[in-house]
Structure formats: structure tokens, C-alpha cells
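A look at the structure
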Amino acid sequence: MNLSPVAAELVAPRGRDVAEVRALVLERLGQAPSLSVRELEAAVFAANDLTTESLREAVPVEGYGTSATVQGDSHPAIRAQRLQFALEEVLHGLYAEGIISPSAGDLYGAASGSIPARGSSWSGSLQFEHHHTPAPAFSRWKLASSSSVRAELAREDLPSTFEELLGPRGSEVLREGTRAFHRGLFIAAVDLLGAASEAAWFGLGTRVSDDGQLADLIARGQNAAAVIDRTADAISRGKAWESRGLNDLRAQAAHLRDLRNYGLHPTGEPDEDREPAFTEAGCAILYMRAPRYFRQLDQIRTKLEESAHPAAG
């Protein structure tokens, strides 16, 4: 087989090809319930004054075999092949991004089905066309091993368990962080865990009654570091938690906040001390520690509420 590197280079999609084909595919799919690959290819070719016959037009060359050369890349066969590859690349990319999904049917039309029907004087069926997404052709299913392991490491019930501490928004943030970890979105998972940690400290701060400046910070929803520090100081003053354990909680809060800030501001060179936290293993460790962390903060919440509303003697 005499492979031609020149031909391979000529038919490789350019960035402009991919961009134009992507725009056209999205436009056409927005105008119909579904389209076949053949219909999309025809639309791409028509927009470029080509047809499927263009693929069969002979390209004039100089020389022979691997040494053959082509003058320019505007020949219809070259353009058609390049656009065909661009279409395949676009469809793969849109599918991977979750923007398009497969539709039942084939190259010749959408899928059809029927339901049995009976009238007063007849019986038969009602025919219909549909564009539903078919499941891959497997007869049995199970949870993927990586997802099931992640589900054990980051529990789905964690947000609802500590909703009084986190509040509705904080609980939803932690819920989405857990889902992000399950899906392998580790940067998002770490960032959302850090945000949930801040929500917990804001929640504790609302239960402190002897610090007006803390109340102002919470009302403005700003300066999480100051909220954490002043809340921890108030907990220490009230002896709501033993000092060594409180220092550990402050350190964990500061660590999560530091990771969140690093993850949300991807500027400068990667930090070799922080980057491991955004891998699967590093993120798993954070989520494994989260239940104990939030449980202790929730226990502090209970003590602060009890001290604010002591039981009648």
C-alpha cells in the first residue's frame, strides 16, 4: 500500500472547517426533530457547492505514488473529504459535550412504531414516527465500578443530614459537589466542597449573639476568612468546643477555603502542593473527611443554640 502523506495532510480538517460545520449542524438540528448523518452531510456539501459525487472526482497530480504532488487544496474531492471528516469530528464533539444525542431511526428515516387500536367497526393499529434516544444495545446493565466506589466515598445523604447547619443553598452546593465527584469532575467537586464549608461557618456565625462585627460580615455575605475567624473566636469564648479540636476545624476550614480559591482562579503556574487535591485520589480524601468535619460543626451548632436558649430550670 502506497500511502501519501500529502493526501493525508490535504484532507485533514482545518479549524475553520470544523467551526463552520459545527454552526451548520446546530442550525439544521434546531430546525428538525432529528436528521440522519447522510442528511447532515448533504447539507454541509450543499453549503459548499459540493455533492457526494464530488468525492469521486479524480484529483490531478504530478508524479506517482508516494512522490505525487497536488497543486492546491481546492479540488472538489479534497474539499468534500475534508468536510466529511470535519462533520464526523463535530458530531463526536457535540455528543461528548452532551449537546446532541442519538435518535432512533436510520439513514433513510426516523423510527416508527405502532399501538393496537380498535374502533366501533374496525380493529388495527395507529402508526407513529418517533425520535427518541435509544439505549445502547445491551441486555443487562450495572453501575460502573468507578462510580459505585465514588458513591461510597462521597455519600449522597450528606447534604440532607446537615441541612440545619448548611441551610438550603449550602445543602444544594454540597449536593452538587457530591454529584460532581461521582462524575469525575474533581475541580468542581473540590470548589463546591470549599463553598459548602464556608456556608457551614456562616451558619454557625448566625448563632453567635455577642459579636456585632461578625453579624455585619454575615449580613454582607463577604470576607469568609474573617467570618470563620470571628466565629471560631466566639466558639472559643463560649467554650462550645475544646480548643484543640476547634483548632483542627479552623485548619480544615482554612485548607478547604485555600483550595477553593486556587481552583476558582486558574492563573499562574500550577502549584505542586495544591494540585494533588484536584486528582481523584486527593478529592476522595477530602470527601472522606467531610462527614466528620460537618458532624463536628453541627454539634457545635447544637451547643450554640442550647446556650442561646437554655432549658428552664
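Predicted model only: the values in this text are computed from it and were never measured.

A look at the overall build of the chain
Along the backbone of the chain there are twelve helices and three strands. For 313 residues, the compact-globule estimate of 2.2 N^0.38 gives 20 Å, and the C-alpha radius of gyration of the chain, at 30 Å, exceeds that figure by more than 25%. The principal-axis extent of the C-alpha atoms belonging to the chain is close to 95 × 75 × 35 Å. Taken over 313 residues, the chain has a buried fraction of 35%. Within the chain, residue pairs in contact and separated by at least 24 positions form 61% of the contacts whose partners lie at least 6 positions apart. Across the chain, the 32 positively charged side chains and the 42 negatively charged ones have centroids separated by 7 Å.

Things to note about the nonpolar core
Among the nonpolar cores identified, the biggest contains 39 residues, and W201, I235, F294 and L297 are the most heavily contacted of them. Sorting the residues of this core by element identifies α7 (163-182), α8 (186-205), α10 (224-237), α11 (243-264) and α12 (280-308) as the ones contributing at least two each. Counting residues per element, this core draws most heavily on α12, at ten residues. Within the second largest apolar cluster, 17 residues are counted, among which are L24, A80, L83 and V90.

Concerning the packing of α7 against α8
With their axes 8 Å apart at the nearest point, α7 and α8 run at an angle of 165° to one another. Taken together, α7 and α8 sit at an angle that is classed as roughly antiparallel. Remark: the crossing between α7 and α8 carries left-handed chirality. Residues L165, L166, G170, V173, L174, E176, G177, A180 and F181 of α7 touch α8, and the partners they reach there are F186, A188, A189, L192, L193, A195, A196, A199, A200, G203 and L204. Per-class residue counts for the contact of α7 with α8 are 16 nonpolar, three polar and one charged.

A look at the pairing of strand β2 (residues 109-118)
Sheet analysis places strand β1 (residues 105-106) next to β2, joined by two bridges and oriented antiparallel. Along β2, the bridge assignment pairs D106 with G109. What sits between the antiparallel neighbours β1 and β2 is a turn of two residues. Hairpin connection between β2 and strand β3 (residues 123-130): a loop of four residues separates the two successive antiparallel strands.

A few points about α11
When the terminal C-alpha atoms of α11 are compared, their 31 Å separation across 22 residues agrees well with the 32 Å that a helix rising 1.5 Å per residue should span. By the burial criterion, the buried members of α11 are G245, L246, L249, A253, L256, L259, Y262 and G263. Along its buried surface, α11 packs onto α8, α10 and α12. The residue sitting at the N-terminus of α11 and contributing the capping side-chain oxygen is E242; that oxygen lies 3.0 Å from the backbone nitrogen of R244.

Digging into the layout of surface pockets
Size it by volume and the largest pocket reaches roughly 570 Å³. Every residue lining the largest pocket is counted, 24 residues in all, and those nearest its centre are S34, L35, S101, P102 and S103. Contributing elements (two or more residues each) for the lining of the largest pocket: α3 (37-47), α4 (76-96), β1 and β2. If you tally residues by element for the lining of the largest pocket, the top one is α3, at three residues. Here the second largest pocket defines a volume of roughly 260 Å³.

A closer look at a nonpolar patch on the surface
On the surface, I115, W122, L126 and F128 cluster together to form a nonpolar patch covering roughly 390 Å² of accessible area. With respect to the secondary-structure elements, I115 resides in strand β2. A residue is classified by how much of its surface remains accessible, and I115, at 43% relative accessible area, is partly exposed.

Concerning the environment of E57
Tracing the backbone shows E57 in the loop between α3 and α4. Each C-alpha atom of the pair E57 and I115 lies 47 Å from the other, and the pair is 58 residues apart in sequence. The contact partners of E57, leaving out residues within four places of it in the chain, are H75, P76 and A77.

Some words on the packing of α8 against α10
Closest axis-to-axis distance for the α8/α10 pair is 9 Å, and the angle between their directions is 50°. Comparing the axis directions of α8 and α10 gives the class oblique. The way α8 lies across α10 gives a crossing that is left-handed. Residues E198, W201, F202, L204 and G205 of α8 touch α10, and the partners they reach there are A224, V227, I228, T231, A232 and I235.

Describing unusual backbone geometry
Positive phi, close to 55°, is recorded for D49, a residue that is not glycine. Along the chain, D49 turns up in the loop between α3 and α4.

Regarding the side chain of T178
Along the chain, T178 turns up in helix α7. For T178, a relative accessible area of 1% gives the class buried. Excluding residues that lie within four positions of it along the chain, T178 makes contacts with A154, R155, E156 and Y287.

Definitions and limits used
Residues numbered from 1 in each chain as written. Predicted model: local features only at pLDDT ≥ 70, side-chain atom pairs only at ≥ 80, totals over all residues. Heavy atoms only, no water. Helix = DSSP H or I, 4+ residues; strand = E, 2+ residues; numbered from the N terminus. Rg over C-alpha atoms; globule rule 2.2 N^0.38 Å. Buried < 20%, exposed > 50% of the residue type's maximum accessible area, 1.4 Å probe, protein only. Contact = heavy atoms within 4.5 Å. Lys, Arg positive; Asp, Glu negative; His and termini not counted. Charge placed at Lys NZ, Arg CZ, Asp CG, Glu CD. Core = buried A, V, L, I, M, F, W, Y, C linked by side-chain atoms within 4.5 Å. Axes fitted to C-alpha atoms, helices over the stretch in contact; angles between N-to-C directions. Parallel < 35°, antiparallel > 145°, perpendicular 65-115°, else oblique. Left-handed = near helix turned anticlockwise from the far one by under 90°. Nonpolar A, V, L, I, M, F, W, Y, C, P; charged D, E, K, R; others polar. Pairing = 2+ DSSP bridges. Expected span 1.5 Å × (residues − 1). Polar contact = N/O pair within 3.5 Å; in protein donor to acceptor, adjacent residues only side chain to side chain. 1 Å grid on protein atoms, 1.4 Å probe; cavity = no way out; pocket = protein on both sides within 12 Å on 5 of 7 lines; lining within 4 Å. Points joined across faces, edges and corners; volume = space filled by probe spheres on them. Patch = residues over 30% accessible without salt bridge, like charges linked within 9 Å, V, L, I, M, F, W, Y side chains within 5 Å. Areas by Shrake-Rupley, 256 points an atom, 1.4 Å probe, with all protein chains shown as cover. Salt bridge = Lys/Arg side-chain N within 4 Å of Asp/Glu carboxyl O.

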